[in-house]
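What follows is the residue order along each chain.
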Amino acid sequence: AGLAALFAALAPPAAAADSTLLGHQGRWIVDSQGRARILHGVGVMNYSPPNLPAAMGFGDKDAAFLAAHGFNLVRLGMNWSGIEPQPGVFDSGYLDSILATMRTLEAHGIYTLLDWHQDDWGLAAAGVDGAPAWATLTDGLPNPNLGYGFGMLGDPAQQRAFDNFWANKAGPGGIGITDRFATMLATYGRAFRAEPYLLGYDTFNEPNAGTQWPSCASSAGCPVFDSQLSAWFRRVLPSLRAADPQHLIWIEPNVFFDFAAN
């Protein structure tokens with residue numbers, strides 16, 4: 001997955017008293033003394049339920065191996081379906097497992113970039129991982145299992161799930177799906193904000209334009225969806241920033257930014 005280094009917020013100067021806290025100056029990631037830090041990282045994801053790195057055996061030996069080979073950053077994937085399996089019900093055990101993995105990495109001097117991950121929206125939309133079934137609003141459209149990557153192009157249900165998400169359509173309890181997502185972000189922001197080796201939060205992996213994808217697949221780009229996506233980020237990020245005032249927040253452009261003509 002391509003991650004665009006676009007910073008949504010900067011840690012306040014008062015937070016720089018923590019020597020491990022990283023911020024940014026322009027395009028550079030910097031430490032509390034303003035020195036540029038160069039990070040060498042890998043992604044660690046478990047694409048199968050329960051979508052936890054520890055469940056696939058990632059542990060201290062792996063962290064030691066990464067450190068010994070010069071890596072000092074892991075982009076650590078987790079899923080909304082694991083964090084909030086039912087509307088408004090948050091799984092503390094899931095968050096504790098992610099936290100334990102972060103601290104294993106920390107013990108070897110490795111930073112973590114927490115990644116809210118999805119691939120083709122989620123299992124309920126014939127995807128790989130990501131959103132829970134209760135947050136998958138397809139309006140009853142056909143949902144063929146086309147295989148990873150092809151769903152975003154030809155699965156009406158999957159496309160509609162994205163459309164409804166960006167539009168904040170009301171879901172369970174009459175609450176907008178985007179608003180549910182913002183609450184989820186704040187929940188895990190509070191859980192992880194005190195971690196010294198947290199680089200920050202990647203708030204949404206590979207945003208998909210849903211039914212608007214053909215416009216994004218052209219060299220002209222997709223200004224209509226990009227405007228909608230920007231508004232979506234402006235809606236959800238304040239909740240995360242309120243939960244964690246210090247760490248960097250990262251955003252990604254639409255998925256066709258790196259998969260197509262753009």
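Please explain the pairing of strand 5 (residues 73–78) as it appears in this structure.
Remark: a regular strand shows side chains that alternate across the two faces of the sheet. Counting buried residues in strand 5 gives 6 out of 6 residues, a clear majority hidden from the surface. Along strand 5, one buried face is formed by L73, R75 and G77 and the opposite face, lined by V74, L76 and M78, is buried too. Sheet topology places strand 4 (residues 41–44) next to strand 5; 4 bridges connect them, and they run parallel. Each bridged residue has a counterpart across the sheet, and for G41 the counterpart in strand 5 is L73. Chirality of the crossover, the property in question, places the unit of strand 4, helix 1 (residues 60–68) and strand 5 among those that are right-handed.

Help me out: how do you make sense of the side chain of D120 in this one?
Mapped onto the elements of the fold, D120 is located in the loop between strand 6 (111–116) and helix 4 (151–154). Buried D120, no salt bridge; nearest opposite-charge side chain is R75, N-O distance 14 Å. In this structure the side chain of D120 is engaged in a polar contact, spanning 2.9 Å, whose partner is the backbone nitrogen of G149.

Would you explain the packing of helix 6 (residues 177–192) against helix 8 (residues 223–243) in this entry?
Two quantities define a packed helix pair, namely the angle between the axes and the distance from one axis to the other. Relative orientation of the contacting elements helix 6 and helix 8 amounts to 25°, with a least axis distance of 8 Å. Here helix 6 lies roughly parallel to helix 8, going by the angle between them. For the pair helix 6 and helix 8, the crossing hand works out as right-handed. Taken together, the residues of helix 8 that come into contact with helix 6 (itself represented by T178, D179, F181, A182, L185, A186, G189 and R190) are W232, R235, V236, S239, L240 and A243. Of the residues that constitute the contact of helix 6 with helix 8, the class distribution is 8 nonpolar, 3 polar and 3 charged.

Before we go on, may I ask you to explain the state of the cysteines in this structure?
Defined simply, a disulfide is a covalent bond joining two cysteines at their sulfur atoms. Tallying each qualifying case throughout the model produces 1 disulfide. Shown here is the disulfide that connects C216 with C222, its sulfur atoms set 2.2 Å apart. Looking along the S-S bond of the C216-C222 disulfide, the torsion reads about 100°, which is the right-handed sense. Taking the relative accessible area as the measure of exposure, C216 reaches 0% and is therefore buried.

When you look at the environment of G176 in this model, what are you seeing that I'm missing?
Turning to its location among the elements, G176 is positioned in the loop between helix 5 (156–166) and helix 6. Residue G176 is classed as buried on the basis of its relative accessible area of 7%. Separated by 19 residues in the primary sequence, G176 and A157 have C-alpha atoms spaced 18 Å apart. Among residues more than four places away in sequence, those in contact with G176 are N168, K169, A170 and G171.

Explanation requested: the packing of aromatic side chains in the structure shown.
For any pair of aromatic rings, geometry is given as the distance between the ring centres together with the angle between the planes. With the rule as written, the count across this model stands at 24 aromatic pairs. Relative to Y197, the ring of Y111 has its centre 4.8 Å away and its plane inclined at 50°; by these criteria the two rings are tilted. One end of the pair, Y111, is in strand 6; the other, Y197, is in the loop between helix 6 and strand 7 (198–202), with 86 residues separating them in the sequence. You can call Y111 buried: its relative accessible area is 3%.

Quick question: what am I supposed to make of a nonpolar patch on the surface here?
Nonpolar side chains collect at one region of the surface, where L146, F150 and L153 lie side by side and expose about 280 Å² of accessible area between them. Relative to the assigned elements, F150 resides in the loop between strand 6 and helix 4.

Before we go on, may I ask you to explain the packing of helix 3 (residues 92–106) against helix 6 in this structure?
Interhelical geometry of helix 3 versus helix 6 gives an angle of 40° and a closest axis separation of 11 Å. One finds that helix 3 runs oblique with respect to helix 6. Taken as a pair, helix 3 and helix 6 cross one another with a handedness that is right-handed. Contacts between helix 3 and helix 6 pair L95, I98, L99 and M102 from the former with T187, Y188, A191 and F192 from the latter.

What should I look at first to understand the environment of L153 in this one?
As for its placement among the helices and strands, L153 is situated in helix 4. Of the residues examined, L153 reaches a relative accessible area of 38% and is grouped as partly exposed. C-alpha separation for the pair L153 and P214, spaced 61 residues apart in sequence, amounts to 8.4 Å. Those residues in contact with L153 that lie beyond four places of it in its chain are Q159, W213 and F256.

Explanation requested: the nonpolar core in the structure shown.
Generally speaking, soluble globular proteins have nonpolar side chains that are buried together. If you look at the biggest cluster of nonpolar residues, it comprises 54 residues, and the most contacted ones within it are W80, Y188 and F192. Excluding residues within four positions of it along the chain, F192 makes contact with M78, L95, I98, L99, M102, L114, L198 and Y201.

Basis of the calculations
- Note on numbering: residues in each chain are counted from 1, in written sequence order.
- Since the coordinates come from a predicted model, pLDDT governs what is reported: local features require at least 70, and pairs of side-chain atoms require 80 or more to be given and counted, while whole-chain, interface and lining totals use all residues.
- Hydrogens are left out, water is left out, and the side-chain values use all remaining heavy atoms of the structure.
- In this scheme, a residue with accessible area under 20% of its type's maximum is buried, one over 50% is exposed, and one in between is partly exposed, where area comes from a 1.4 Å probe on protein chains only.
- The helix and strand labels rest on DSSP assignments: H or I over at least four residues marks a helix, E over at least two residues marks a strand, and numbering proceeds from the N terminus.
- In short, DSSP must find at least two bridges between two strands for them to pair.
- Here is how to tell: hold the view so the strands point away, follow the path from the first strand over the helix to the second, and if it runs clockwise the crossover is right-handed.
- Two residue types count as positive, namely Lys and Arg, and two as negative, namely Asp and Glu; His and chain ends fall outside the count.
- Salt bridges are counted wherever a side-chain nitrogen of Lys or Arg sits within 4 Å of a carboxyl oxygen of Asp or Glu.
- Polar contacts, as used here, are pairs of N or O atoms within 3.5 Å; protein pairs need one atom able to donate a hydrogen and one able to accept it. Residues neighboring in sequence count only if both atoms are side-chain atoms.
- Axis geometry follows a simple rule: fit a line to the C-alpha atoms, using only the stretch in contact for helices, then measure angles between N-to-C directions, giving values from 0 to 180 degrees.
- Orientation labels follow simple angle bins: below 35 degrees gives roughly parallel, above 145 gives roughly antiparallel, 65 to 115 gives roughly perpendicular, and whatever is left gives oblique.
- Should the near helix be turned counterclockwise from the far one by less than a right angle, the crossing is left-handed, whereas a clockwise turn marks it as right-handed.
- Pairs of residues are marked as contacts when any of their non-hydrogen atoms sit within 4.5 Å.
- Three categories are distinguished: nonpolar for Ala, Val, Leu, Ile, Met, Phe, Trp, Tyr, Cys and Pro, charged for Asp, Glu, Lys and Arg, and polar for the others, with Gly belonging to the last.
- What counts as a disulfide here is a pair of cysteine sulfur atoms lying within 2.5 Å.
- Any two of the Phe, Tyr and Trp rings considered here, Trp counted by its six-membered ring, make a pair once their centres fall within 6.5 Å; the pair's planes then place it as stacked at under 30 degrees, edge-to-face at over 60, or tilted in between.
- Patches were defined on residues exceeding 30% relative accessible area and lacking a salt bridge, with like-charge contacts within 9 Å and nonpolar side-chain contacts (Val, Leu, Ile, Met, Phe, Trp, Tyr) within 5 Å.
- Accessible areas in this description were obtained via Shrake-Rupley with a 1.4 Å probe; residue shielding takes into account the shown protein chains only.
- Among the buried residues, those of types Ala, Val, Leu, Ile, Met, Phe, Trp, Tyr and Cys that are joined through side-chain atoms within 4.5 Å form a nonpolar core.

This is a description of form; function is not addressed.
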